[in-house]
Amino acid sequence: MDYASALRYIDNISGLGSKLELTRISGLLERLGNPQEKLKVIHVAGTNGKGSVCSMLTSILMSEGYRTALYTSPHLERYNERYMIDGAEISNDDFAKYMNIIKEKADTMYQENIGRPTVFEQLTALAFLYFYDNDVDYAVIEVGLGGRFDATNVVKKPILSVIASISFDHTEFLGNTLESIAFEKGGIIKPGCPTVLYRQDKRVYDVIKGLCDERGSKLYYADDETIDVISQDIDGTVMSVKNDLYEYERIVLPLVGEYQIKNCSLVLLAAHALKEAGVELKRESILNGIKTAKWNGRMEICRRNPIVVLDGAHNPDGIAMLAKSVKKYFSGKRIMLLMGVLGDKQYDLMASEIVPLADTVVITEPASNRALSVSSFEKTVKKFCDKVYSFENIGEAYDFALSLTGERDVLLCAGSLYLIGGLRTLVMGGN
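The model shown is predicted, which means the values in this text are computed figures rather than measured ones.

## What about the overall build of the protein?
So, step 1. Across its full length, the protein holds 15 helices and 17 strands.
So, step 2. At 21 Å, the protein has a C-alpha radius of gyration in line with the 22 Å of a compact globule built from 431 residues.
So, step 3. Projected onto its principal axes, the C-alpha positions of the protein cover 55 × 55 × 40 Å.
So, step 4. The proportion of buried residues among the 431 residues of the protein is 56%.
So, step 5. Counting only contacts in the protein whose residues sit at least 6 apart along the sequence, the fraction spanning at least 24 positions is 72%.
So, step 6. Accessible area for the protein stands at about 17400 Å²; split by element, carbon and sulfur atoms hold 46% of it.
So, step 7. Placing the 49 positive and 57 negative side-chain charges of the protein at their respective mean positions leaves the two points 1 Å apart.

Shown next as structure tokens:
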């Protein structure tokens, strides 16, 4: 099948939804020769920040000269974004070629009454096979949902497990306490494989530390760390980091957002753990990798005069971190907020965090069958702002919001990644 046929096939099987268990993905990969077992994998989980962490780690490995693969989800504008080798997306032809291979195996499993793998399982299998066939040195793999039963967790022996910030999201799958969510995320911890943990709530630390002790995984956790922010604006951050293991002066971090500072410190710790695991990484490669890292759709400044910001903050913790960044970077500026969310998120809490910062709010609907209608979201938003406008069409919403935004104002676009992907295509033409 060609690229268009591959996309139609994905749409046709999307109704299978999320089924968190590893039987189908394991069976599919076995039929493909278990390519995941032949890769050197860095496995990254977390509620927020894991994509940024993956991006920085990939950039560091590339700076050292390693052929490096990156698998992330969801995509913003096209499926190809999920599969990167040395910064280049998979081609349409290769995507179609590998999707056809995966489909044949999935069809066989269905015919044998084993069960057809879900969309995410098939897309994940594609990543492992594509990366193996292209002989990458390292594969940075982002967890899709949770960890313990996520399709990426077929990796039996990663060279490193990294756990970013953990907070409340997907509670219908992962539980409604920090401890239960941490336990699910900690499912990527493997016997004898080191683990790196983001500095966060002690309840999370206790769960992860317990899992590491139980499984014989060395835990890296920089609880004694000090971070000195030298300068910080919408062009990035210059910072220094010091702990008992290492010291870095004047790190240039281009990723914007208060939360990226702690994500960067986690990446430095992960780089240290990789070095102790035998991966050669020079100091200049680490610093250059961070300096050249890119991660679209997260506090992304995509236009100036007026400033237009895209941020896929899609859960309460992500929105809270975004609100903190808005106060830091845009103090004294008039904020126009364009927002759309999914109906299965805690949108009341999300609105309470970010809407009070806005002068005017424009509501729209993300391109998803899970989107919250503008009429439903409007009722919530009006609790926190008097000037609220609604447009079902994303393009109309953006044009109207931009027309209200003066040259010295800020248009903040936030919410579902489905919304941010659509907006990014509109604002930047897919670049």
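## Let's talk about helix α9 (residues 258-276)
So, step 1. The terminal C-alpha atoms of α9, which comprises 19 residues, lie 29 Å apart, in line with the 27 Å expected from a rise of 1.5 Å per residue.
So, step 2. Most of α9 sits out of view: 16 of its 19 residues are buried.
So, step 3. Downstream of α9 by a residue or two, G278 has a phi angle that is positive, lying close to 105°.

## Let's talk about the sheet that holds strand β11 (residues 247-253)
So, step 1. The antiparallel open sheet is built from three strands, whose spatial order is β9-β10-β11. Of all the strands in the sheet, the pair left with one neighbour each is β9 (226-233) and β11. Here the average twist between neighbouring strands, direction ignored, is 15°.
So, step 2. Of the pairings in the sheet, the one linking strand β10 (residues 236-242) to β11 comprises five bridges and is antiparallel in character. In the strand pairing of β11, T237 is matched with L253.

## What about the sheet that holds strand β3 (residues 83-85)?
So, step 1. Pairing is mixed across the open sheet formed by eight strands, whose spatial order is β4-β3-β2-β5-β1-β6-β7-β8. Looking at which strands have only one partner, the edges of the open sheet turn out to be β4 (88-89) and β8 (219-220).

## Comments concerning the pattern of salt bridges
So, step 1. Enumeration over the complete set of coordinates arrives at 24 salt bridges.
So, step 2. Residue R67 pairs with D86 through a salt bridge whose shortest N-O separation is 3.9 Å. Here the residue R67 occupies a position in the loop between α3 (50-63) and β2 (68-71), and D86 occupies one in the loop between β3 and β4, the gap between them amounting to 19 residues.
So, step 3. A residue is classified by how much of its surface remains accessible, and R67, at 31% relative accessible area, is partly exposed.
So, step 4. For R199, the salt bridge goes to E225, with nearest N and O atoms at 4.0 Å. Taken together, the positions of R199 in the loop between β7 (195-197) and α8 (202-215) and E225 in the loop between β8 and β9 put the pair 26 residues apart, joining distant regions of the chain.
So, step 5. Overall, the relative accessible area of 7% leaves E225 in the buried class.

## A closer look at the packing of α3 against helix α10 (residues 283-291)
So, step 1. Running from amino to carboxyl end, α3 crosses α10 at an angle of 130°, the nearest separation of the two axes being 7 Å. Considered as vectors, α3 and α10 are oriented oblique to each other. By crossing handedness, the relation of α3 to α10 is classed as right-handed. Facing α3, whose interface residues are M56, S59, I60 and S63, α10 presents S285, I286, N288, G289 and I290.
So, step 2. Considered class by class, the residues forming the contact of α3 with α10 number four nonpolar, five polar and no charged.

## Things to note about the layout of surface pockets
So, step 1. Empty space within the second largest pocket amounts to approximately 580 Å³.
So, step 2. L70, M84, K294, W295 and N296 are, among the 26 residues lining the second largest pocket, the residues nearest its centre.
So, step 3. Take the lining of the second largest pocket: its biggest share by element is four residues, from α3.

## A word on the side chain of T58
So, step 1. Secondary-structure assignment places T58 in helix α3.
So, step 2. What T58 contacts, discounting residues up to four positions off in sequence, is T68, A69, L70 and V140.

## Section: the pairing of strand β13 (residues 307-311)
So, step 1. Counting buried positions along β13 gives five out of five residues, so the element sits mostly inside the fold.
So, step 2. For strand β12 (residues 300-303) and β13, the ladder comprises three bridges, and the chain directions are antiparallel. Along β13, the bridge assignment pairs E300 with L310.
So, step 3. In textbook terms, the turn of a hairpin is the stretch between consecutive antiparallel strands, and for β12 and β13 this stretch comprises three residues, one of which, N305, has a positive phi near 55°.

## Considerations on the packing of aromatic side chains
So, step 1. Overall, the coordinates contain 14 aromatic pairs when judged by the stated rule.
So, step 2. A ring pair is formed by Y98 and Y130, whose centres lie 5.5 Å apart and whose planes are at 75°; its orientation type is edge-to-face. Here Y130 lies in helix α5 (residues 119-133) and Y98 lies in helix α4 (residues 92-111), a separation of 32 residues in the sequence.
So, step 3. Residue classification places Y98 among the buried residues on the basis of a relative accessible area of 4%.
So, step 4. Here Y130 falls in the buried class, since its relative accessible area comes to 6%.
So, step 5. Taken together through their ring pairs, the aromatic side chains of Y3, Y71, Y79, Y83, F95 and F120 make up a single cluster.
So, step 6. For R116, the ring lying beneath its charged end belongs to Y110, and the centroid distance is 4.6 Å.
So, step 7. Sitting over the ring of Y248, R283 keeps its end group 4.2 Å from the ring centre.

## Concerning unusual backbone geometry
So, step 1. Backbone torsion omega between S73 and P74 reads -10°, so that peptide bond is classified as cis.
So, step 2. Take P74: it is sitting in the loop between β2 and β3.
So, step 3. Residues N305 and P306 are joined by a peptide bond in cis, for which omega reads 0°.
So, step 4. Positionally, P306 belongs in the loop between β12 and β13.
So, step 5. Of note, N113 is a non-glycine position whose phi angle comes to about 60°, a positive value.
So, step 6. Relative to the assigned elements, N113 resides in the loop between α4 and α5.
So, step 7. The phi angle at D135 is positive, at roughly 55°, despite the residue not being glycine.
So, step 8. Looking at where D135 falls in the secondary structure, it is placed in the loop between α5 and β5 (138-142).

Rules and cut-offs
- Residues numbered from 1 in each chain as written.
- Predicted model: local features only at pLDDT ≥ 70, side-chain atom pairs only at ≥ 80, totals over all residues.
- Heavy atoms only, no water.
- Helix = DSSP H or I, 4+ residues; strand = E, 2+ residues; numbered from the N terminus.
- Rg over C-alpha atoms; globule rule 2.2 N^0.38 Å.
- Buried < 20%, exposed > 50% of the residue type's maximum accessible area, 1.4 Å probe, protein only.
- Contact = heavy atoms within 4.5 Å.
- Areas by Shrake-Rupley, 256 points an atom, 1.4 Å probe, with all protein chains shown as cover.
- Lys, Arg positive; Asp, Glu negative; His and termini not counted.
- Charge placed at Lys NZ, Arg CZ, Asp CG, Glu CD.
- Expected span 1.5 Å × (residues − 1).
- Pairing = 2+ DSSP bridges.
- Axes fitted to C-alpha atoms, helices over the stretch in contact; angles between N-to-C directions.
- Salt bridge = Lys/Arg side-chain N within 4 Å of Asp/Glu carboxyl O.
- Parallel < 35°, antiparallel > 145°, perpendicular 65-115°, else oblique.
- Left-handed = near helix turned anticlockwise from the far one by under 90°.
- Nonpolar A, V, L, I, M, F, W, Y, C, P; charged D, E, K, R; others polar.
- 1 Å grid on protein atoms, 1.4 Å probe; cavity = no way out; pocket = protein on both sides within 12 Å on 5 of 7 lines; lining within 4 Å.
- Points joined across faces, edges and corners; volume = space filled by probe spheres on them.
- Phe/Tyr/Trp six-rings, centres within 6.5 Å; stacked < 30°, edge-to-face > 60°.
- Lys NZ or Arg CZ within 6 Å of the ring centre and 35° of its normal.

None of this, on its own, says anything about what the molecule does.
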